[in-house]
Amino acid sequence: MTALILVLAAVAAWAVVVPARALWRPAKRAPVADRAEARDERRSQAVERADDRAYVSAILAAWPAACDGAGLRPAGPKQAPALADRPERCGLDGVALPLSIAGWSRDEVNKALPAIGTAIDRTAPLGHLSLSFPPGGQSRGQLRVFRTHPLANVRHWPGRPGQAVGRPSDEVLLGVDEAGGPVMHPVRETHTLFGGMTGHGKTETVMLAVVQLCTEPDVEVTILDGSIKNGADWRPLEPRLRRLVTDHEEIWADLRLLLASFKARADILNGQPYTPSPEMPVRVVVVEESPALFATDDEGIELLTRFAQQTRAFGGVLWLVSQTANSLSNFPTMLRAQLGARLCVRV
């Protein structure tokens, strides 16, 4: 009996001592190279934060005089637009600052933005300036300031050894497949529907293609954004676009203008084949949230159908962006028949 008690006591002691030893065991140290890399990363982040702080301070110091010089002076109930000192990282070399436009309309502030940018550039290097407002936000948004323009360092897809890659005016890169090869999409062959659920990257996919097109001298891109985002996603690219239109009436007016320009182009060609050139560029029209914009308006549907039917032979390209691949089911058959490609991010 005594021997059994001693054995049980030894087992119990072992059960307590082994976990305790595991707790006492010192943690393994990371290799010296990994520790040095982590230390260098922390130092780099500290330098970036200090650089951002100095950059933001220069912007905040220049802001009042810039608004005053651009005509956004206090008048009656209106106060000068005000920036808050709460910066957020925006892209690789940009910062976003909360902005209150204090009684001014968005159009007034947007018109003054080039003059504001010129004034800020004298004290803080400025590549691009844009405004962003959340859906439904009337007086509060963000001022996005980039040290370099978002398209300043765009590079074409280099391709693989021995692989022929067309120019962006012929085909654009949308991504890579499972084998690591490029997924290319022809630009001029057909009109295209980009479908995908909200938040799954359809706008980013189209934006990747548009960035490549914007590098070509013989391509013009027009964005018709009928969504509640009011073109916010496209503002950084606006300087390189033909137009960014968000008002519904202006969208239809711009479609009429485009149709008239293609009719004039057909008269000039007079039966000759079309070849892209800076004087007669490919015109890509991207329609964001197309069902919401056109599904309830007969005139809009007619203009869109005419554009799809009449312009491709003369350099017209239509890209419709929608939340589902089947959301055009209520559109005329003639329009659906023109959409030769449907790219689905997720449906």
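As the structure is a computational prediction, the values presented were derived from the model and not from experiment.

Outline the overall build of the chain, supporting the account with residue identities and numerical values.
A tally of helices and strands in the chain yields 8 helices and 13 strands. In the chain, which comprises 347 residues, the share counted as buried stands at 41%. In the chain, once contacts between residues fewer than 6 apart in sequence are set aside, the share between residues at least 24 apart is 64%. In the form shown here, the chain has an accessible surface area of approximately 19,100 Å², with 56% of it arising from carbon and sulfur atoms.

Residue-level account of the packing of helix α5 (residues 248–269) against helix α7 (residues 298–310), with values.
At their nearest, the axes of α5 and α7 sit 10 Å apart, and the two run at 30 degrees to each other. If you check the angle between α5 and α7, you find them roughly parallel. Remark: the crossing between α5 and α7 carries left-handed chirality. For the pair α5 and α7, contact is made by W252, L255, R256, L258, L259 and F262 and by E299, G300, L303, R306, F307 and Q310, respectively. The class makeup of the residues in the contact of α5 with α7 is 7 nonpolar, 2 polar and 3 charged.

An account of α5 is requested, with residue identities and associated values reported.
Along its 22 residues, α5 runs 32 Å from first to last C-alpha, staying within 8% of the 32 Å computed at 1.5 Å per residue. Here α5 has its buried residues at I251, W252, D254, L255, L258, L259, F262, R265 and L269. Summarising the axial view, the buried residues of α5 lie within an arc of 160 degrees, below the 170-degree limit, and thus occupy one face. Away from its buried face, by an angle of more than 90 degrees, α5 presents the exposed residues E249, L257, K263, D267 and I268. Just past α5, the residue N270 takes up positive phi, approximately 50 degrees.

Please set out the pattern of salt bridges residue by residue, giving values where relevant.
Overall, the coordinates contain 6 salt bridges when judged by the stated rule. Here E220 ties to R283 by a salt bridge, and the two come within 2.9 Å at their closest N and O atoms. Pair noted here: E220 is in strand β9 (residues 219–225) and R283 is in strand β11 (residues 282–288), with a separation of 63 residues, a long-range link. For D254, the salt bridge goes to R243, with nearest N and O atoms at 3.1 Å. You can see D254 sitting in helix α5 and its partner R243 sitting in strand β10 (residues 243–245), a full 11 residues away along the chain. Among the ionic contacts, a cluster of salt bridges with common partners joins R242, R243, E250 and D254.

Reading the values: the criteria
Residues numbered from 1 in each chain as written. Predicted model: local features only at pLDDT ≥ 70, side-chain atom pairs only at ≥ 80, totals over all residues. Heavy atoms only, no water. Helix = DSSP H or I, 4+ residues; strand = E, 2+ residues; numbered from the N terminus. Buried < 20%, exposed > 50% of the residue type's maximum accessible area, 1.4 Å probe, protein only. Contact = heavy atoms within 4.5 Å. Areas by Shrake-Rupley, 256 points an atom, 1.4 Å probe, with all protein chains shown as cover. Axes fitted to C-alpha atoms, helices over the stretch in contact; angles between N-to-C directions. Parallel < 35°, antiparallel > 145°, perpendicular 65-115°, else oblique. Left-handed = near helix turned anticlockwise from the far one by under 90°. Nonpolar A, V, L, I, M, F, W, Y, C, P; charged D, E, K, R; others polar. Expected span 1.5 Å × (residues − 1). Arc of directions from axis to C-beta. Salt bridge = Lys/Arg side-chain N within 4 Å of Asp/Glu carboxyl O.

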